[in-house]
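# Coordinates in review
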Amino acid sequence: MCHSLFLAALLPISLGAAACGTEHGHGDDTAEVNCAMETADTYTVGLEKQGSVFSVKLMSATPAPPNRGDNEWVILVTTLSGAAPVTGATIVVTPFMPKHQHGTPVDVAVVPGTTAGEYTLKQVNLWMPGVWETTIEMTSTAGTDAVVYRFCIPS
Ligand SMILES: [Cu+2]
């Protein structure tokens, strides 16, 4: 028998879920996630992350704010020194859940946009509720850099 409802009243939800046998090793995607209790970025249009060489702005997100499943993001990459758009960059995007130490089985496709310095990130697959850190690694003639967006996906 499953006593998770009873346990949830007495214990943290994650313990209740684990006691119910729904834990499958590296992550229970039925566990409740309270994003108000997590440290994460708040999505806004133009949300900026600065590395040591580049600045990245999140120009749009579909859905907005980021949600469970496939997300499509448009980023604008510029140089920190001159705010010049960075074209022709090689960009690798890696979503990762630090709490569970896992990523996602879907590769993110990066497509340069029509506006200089813009790139569309397709299928940013945040498949599980909780905090995801999405690392954007960029290499161009201007240098190599990485920034991280950290979003909480509600359950
Ligand atoms: Cu997870």
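Summarised in this report is the structure supplied together with it.

Calculation notes
Residues numbered from 1 in each chain as written. Predicted model: local features only at pLDDT ≥ 70, side-chain atom pairs only at ≥ 80, totals over all residues. Helix = DSSP H or I, 4+ residues; strand = E, 2+ residues; numbered from the N terminus. Buried ≥ 20, exposed ≤ 12 C-beta atoms within 10 Å, placed from the backbone. Core = buried A, V, L, I, M, F, W, Y, C linked by C-beta atoms within 7 Å. Pairing = 2+ DSSP bridges. Axes fitted to C-alpha atoms, helices over the stretch in contact; angles between N-to-C directions. Contact = placed C-beta atoms within 7 Å.

### Here's the deal with the overall build of the protein chain
Helix and strand counts for the protein chain come out as two helices and eight strands. Starting at the N terminus, the α and β elements of the protein chain follow one another as α-α-β-β-β-β-β-β-β-β. Here the protein chain, with 155 residues, has 25% of them falling under the buried criterion.

### Details of the nonpolar core
Counting residues in each nonpolar core, the largest one holds 28 residues, and the members touching the most others are Ile75, Val77 and Leu121. Elements with a minimum of two residues in this core: β2 (54-62), β3 (69-79), β6 (118-126), β7 (130-140) and β8 (143-153). In terms of residue count, the dominant contributor to this core is β8 (five residues).

### Quick word on the sheet that holds β7
Taken in spatial order, the three strands line up as β4-β7-β8 in an open sheet, and their pairing is antiparallel. Either end of the sheet is taken by a strand with one partner, and the two such strands are β4 (90-96) and β8. The sheet shows a mean angle of 15° between the axes of neighbouring strands, taken without regard to direction. Note that β7 and β8 share 11 bridges and pair antiparallel. Its bridge partner being in β8, Ser140 is matched across the sheet by Gly143.

### Concerning the environment of Glu137
Within the secondary structure layout, Glu137 lies in strand β7. For the pair Glu137 and Val147, spaced 10 residues apart in sequence, the C-alpha to C-alpha distance is 6.8 Å. Look past the residues within four positions of Glu137 in its chain and what remains in contact with it is Ile91, Val92 and Ala146.

### So, the sheet that holds strand β1 (residues 47-50)
Here five strands make up an open sheet; going across it, the order is β1-β2-β3-β6-β5 and the pairing antiparallel. In the strand order of this sheet, the two ends are held by β1 and β5 (109-112), each with one partner. Here the average twist between neighbouring strands, direction ignored, is 25°. Sheet analysis places β5 next to β6, joined by four bridges and oriented antiparallel. Bridging from a neighbouring strand, Pro112 pairs with Tyr119 of β6.

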